[in-house]
Amino acid sequence: MPSHSLDRFLTENIEDLKSKGLYNVIDPLQGPNGPTILIGGKTLINLSSNNYLGLATDERLVNASIEAAKTYGAGAGAVRTINGTLDLHLELERKLAEFKHTEAVIAYQSGFNCNMAAISAVMDKNDAILSDELNHASIIDGCRLSKAKIIRFKHSDMEDLRAQAKAAKESGLYNKIMVITDGVFSMDGDIAKLPEIVQIAEEFDLITYVDDAHGSGVLGGGAGTVKHFGLSDRIDFQIGTLSKAIGVVGGYVAGSKKLIEWLKLRSRPFLFSTALPPAPVAACIASVDILMNDKTLIEKLWDNGNYLKDGLKRIGFDIGNSETPITPCIIGDEVKTQAFSKRLYEEGVYAKAIVFPTVPKGTGRIRNMPTAAHSKEMLDQVLAVYERVGKELGII
Ligand code: PMP
């Protein structure tokens, strides 16, 4: 039995979430996370995965996983710095460095973990971090962990960033100052203004840190947002995840040899948490190989993204300022957003409601994630359902 104080805390807070439409229900999949998914015996068109290129279910990745598990076993057996580093980890890191056009790469167990690791390995209480107000939760937590002073700037507002950078620099209070941004913002699909950020960073000697979880495999021919803007040699940290376009699991930092050397010496999840298992590492290698040699999946992703966006706009949905395949339908009210998502489900479309705390209060939305694996027929079906349910609920 939990203590009385814990029980009271849990009951009050869970009831509070339910009453505000913020209670998240988890639906287990009964098969692969592909363009359609099976939940509770029902097949639904899936618009909620980050499997941008459909690689999570690609046979080549699955076969690479099986082979690696047979050769190396199920687990890596130790942390990277003791004897958990397999030649496979190094091969993946070499391939990723080539893919990202950087000198070196360090791989972590997840993208979340990677932000916790990388920020706190470099920044400390004598430093300051300028952080976009819409940055991902793992960046926020990584910043907090570092104990550096966190200075939030208004979302993609370059005047605000410049003013805050100038004030921080001129205060003389900080040893180092870092600017951190998502490359592609995951809830709105807009792209960070990296050319301006780099200019400001160079003017005020800021360390630059871009979390490109949603840009890698999507922009810059797959190499990401930094490459998209031609800034590969002007960004210190490029973070990527292996769980979205790459289709598997893991995270990484791409940067200079010296930076990666330091992270291998001092970033805590690398030192104190068991290495990625062989099977996903081999699958990631296969995935990066595919991405470096074949751009057709990326083209298909953009084609599908534009098709869905144009369709939703035509029907009358507010799709915000997305510049990438991530396509939000902004509804606002949390309860209405949940109701819309529920009706989509009943009509055979799985598109999860995204509400506070994932997005600010009053900006509830359905976040649609078209992928390269969807067919045009599926997207037409989605558009028909959206139009019908949108009218029914008075959203359009
Ligand atoms: N950074 C960003 C911007 C993300 O969107 C995510 C995934 N939600 C992560 C990091 C964490 O990545 P992972 O799922 O690999 O832990």
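Residues numbered from 1 in each chain as written. Predicted model: local features only at pLDDT ≥ 70, side-chain atom pairs only at ≥ 80, totals over all residues. Heavy atoms only, no water.

Looking at an unreviewed UniProt entry, one finds the chain named Pyridoxal phosphate-dependent acyltransferase and attributed to Paenibacillus cookii. Under the UniProt heading Subunit (unreviewed entry), the note attached to the chain is "Homodimer." (UniProt positions renumbered as here; feature names shortened; annotations may be inferred.)

(A) Geometry of the overall build of the chain. The helix and strand inventory of the chain stands at 15 helices and 13 strands. For 396 residues, the compact-globule estimate of 2.2 N^0.38 gives 21 Å, and the C-alpha radius of gyration of the chain, at 21 Å, lies within 12% of that figure. Here the chain holds 396 residues, and the buried ones make up 53% of them. Split by element, the accessible area of the chain, about 17700 Å² in all, is 53% carbon and sulfur. (Helix = DSSP H or I, 4+ residues; strand = E, 2+ residues; numbered from the N terminus. Rg over C-alpha atoms; globule rule 2.2 N^0.38 Å. Buried < 20%, exposed > 50% of the residue type's maximum accessible area, 1.4 Å probe, protein only. Areas by Shrake-Rupley, 256 points an atom, 1.4 Å probe, with all protein chains shown as cover.)

(B) Representation of the nonpolar core. In terms of nonpolar packing, the biggest core is built from 37 residues, with Tyr 52, Leu 53, Leu 92 and Leu 96 touching the most fellow members. Looking at this core, the elements with two or more residues in it are α2 (59–72), α4 (87–100), β9 (251–255), α12 (278–293) and α13 (296–315). Top element by residues in this core is α12. It accounts for nine residues. In this view, Tyr 52 contacts His 214, Val 218, Lys 244, Ala 245, Leu 301, Ile 326, Met 369, Pro 370, Thr 371 and Ala 372; residues no more than four positions away in its chain are not counted. (Core = buried A, V, L, I, M, F, W, Y, C linked by side-chain atoms within 4.5 Å. Contact = heavy atoms within 4.5 Å.)

(C) Examining the side chain of Lys 309 more closely. Inspection of the secondary structure puts Lys 309 in helix α13. An unpaired buried charge is present at Lys 309: no salt bridge exists, and Asp 310, the closest side chain of opposite charge, is 7.5 Å distant. Excluding its chain neighbours within four sequence positions, the residues that come into contact with Lys 309 are Ile 319, Ser 322, Glu 323, Thr 324, Ile 326 and Thr 327. (Lys, Arg positive; Asp, Glu negative; His and termini not counted. Salt bridge = Lys/Arg side-chain N within 4 Å of Asp/Glu carboxyl O.)

(D) Up close: the packing of aromatic side chains. Following the criterion strictly, the structure yields six aromatic pairs and no others. Ring centres of Phe 317 and Phe 340 lie 5.8 Å apart, and the angle between their planes is 40°; this geometry places the pair in the tilted category. Residue Phe 317 is located in the loop between α13 and β10 (327–332), and its partner Phe 340 is located in helix α14 (residues 334–346); the two are separated by 23 residues in the primary sequence. Judged by its relative accessible area of 0%, Phe 340 is buried. We note Lys 18 situated over the ring of Tyr 23; from NZ or CZ to the ring centre the distance is 4.9 Å. The ring of Tyr 307 is capped by Lys 376, whose NZ or CZ atom sits 5.1 Å from the centre of that ring. (Phe/Tyr/Trp six-rings, centres within 6.5 Å; stacked < 30°, edge-to-face > 60°. Lys NZ or Arg CZ within 6 Å of the ring centre and 35° of its normal.)

(E) Spatial organisation of the site of the ligand. Within the structure, the ligand sits among 15 residues, and Phe 112, Asp 211, His 214, Thr 241 and Lys 244 are positioned closest to it. Within the backbone of Gly 111, one N or O atom sits 2.9 Å away from an oxygen atom of the ligand. Within the side chain of Lys 244, an N or O atom sits 3.2 Å from a nitrogen atom of the ligand. The fraction of the free accessible surface of the ligand (390 Å²) that becomes covered by protein chains is 82%. (Near = heavy atom within 4 Å. Polar contact = N/O pair within 3.5 Å; in protein donor to acceptor, adjacent residues only side chain to side chain.)

(F) How the structure looks around the UniProt feature "domain: Aminotransferase class I/classII large" (unreviewed entry) in the chain. Look at the UniProt record and you will see "domain: Aminotransferase class I/classII large" (unreviewed entry) annotated at residues 43–383. Here residues 43–383 is 46% helix and 16% strand, with 17 Å between the C-alpha atoms at its ends.

(G) Highlighting the state of the cysteines. A full pass over the atoms with the stated rule returns zero disulfides. Unpaired in this structure, Cys 143 has its nearest cysteine sulfur neighbour in Cys 114, at a distance of 13 Å. By relative accessible area, Cys 143 is classed as buried at 1%. (Disulfide = S-S within 2.5 Å.)

(H) Region of the structure containing α4. Taking 1.5 Å of rise per residue, the 14 residues of α4 would be expected to cover 20 Å, and the 20 Å separating its terminal C-alpha atoms lies within 8% of that figure. Within the sequence span of α4, burial applies to Leu 88, His 89, Leu 92, Glu 93, Lys 95, Leu 96, Ala 97, Phe 99 and Lys 100. Immediately beyond the C-terminal end of α4, within one or two residues, lies His 101, with a positive phi of roughly 60°. (Expected span 1.5 Å × (residues − 1).)

(I) Representation of the pattern of salt bridges in the model. The final tally for this structure, using the stated rule, is 19 salt bridges. For Asp 16, the salt bridge identified is with Lys 20, shortest N-O distance 3.0 Å. Across the pair Glu 346 and Lys 342 runs a salt bridge whose closest N-O atoms are separated by 3.6 Å. Placement of the pair is Glu 346 and Lys 342 together in helix α14, with a separation of four residues, close to one helical turn. The class of Glu 346 is partly exposed, set by a relative accessible area of 41%. Each of Lys 342, Arg 343, Glu 346, Glu 347, Arg 388 and Glu 392 takes part in salt bridges that share partners, so that together they form one network.

(J) Quick look at a nonpolar patch on the surface. Taken together, Leu 6, Phe 9, Leu 10, Ile 14, Leu 17, Tyr 23 and Val 25 make up a surface patch of nonpolar side chains, about 590 Å² in accessible area. Of note, Ile 14 is situated in helix α1 (residues 4–19). (Patch = residues over 30% accessible without salt bridge, like charges linked within 9 Å, V, L, I, M, F, W, Y side chains within 5 Å.)

(K) Broad picture of the packing of helix α5 (residues 111–122) against helix α6 (residues 137–146). Contact geometry for α5 and α6: axes closest at 8 Å, N-to-C directions at 30°. On the basis of their axis angle, the class for α5 and α6 is roughly parallel. Every pair of crossing elements has a handedness; the one defined by α5 and α6 is right-handed. Contact residues: α5 offers Phe 112, Asn 115, Met 116, Ile 119 and Ser 120, while α6 offers Ala 137, Ser 138, Ile 139, Asp 141, Gly 142, Cys 143, Leu 145 and Ser 146. Split by residue class, the contact of α5 with α6 holds seven nonpolar, five polar and one charged. (Axes fitted to C-alpha atoms, helices over the stretch in contact; angles between N-to-C directions. Parallel < 35°, antiparallel > 145°, perpendicular 65-115°, else oblique. Left-handed = near helix turned anticlockwise from the far one by under 90°. Nonpolar A, V, L, I, M, F, W, Y, C, P; charged D, E, K, R; others polar.)

(L) Quick look at empty space enclosed by the protein. Within this structure, the stated rule accounts for three cavities of 30 Å³ or more. Approximately 50 Å³ is the volume found for the largest cavity. Lining the largest cavity, in full, are Arg 80, His 89, Ala 107, Tyr 108, Gln 109, Phe 270, Ala 275 and Leu 276. Classifying every residue of the lining of the largest cavity gives five nonpolar, two polar and one charged. (1 Å grid on protein atoms, 1.4 Å probe; cavity = no way out; pocket = protein on both sides within 12 Å on 5 of 7 lines; lining within 4 Å. Points joined across faces, edges and corners; volume = space filled by probe spheres on them.)

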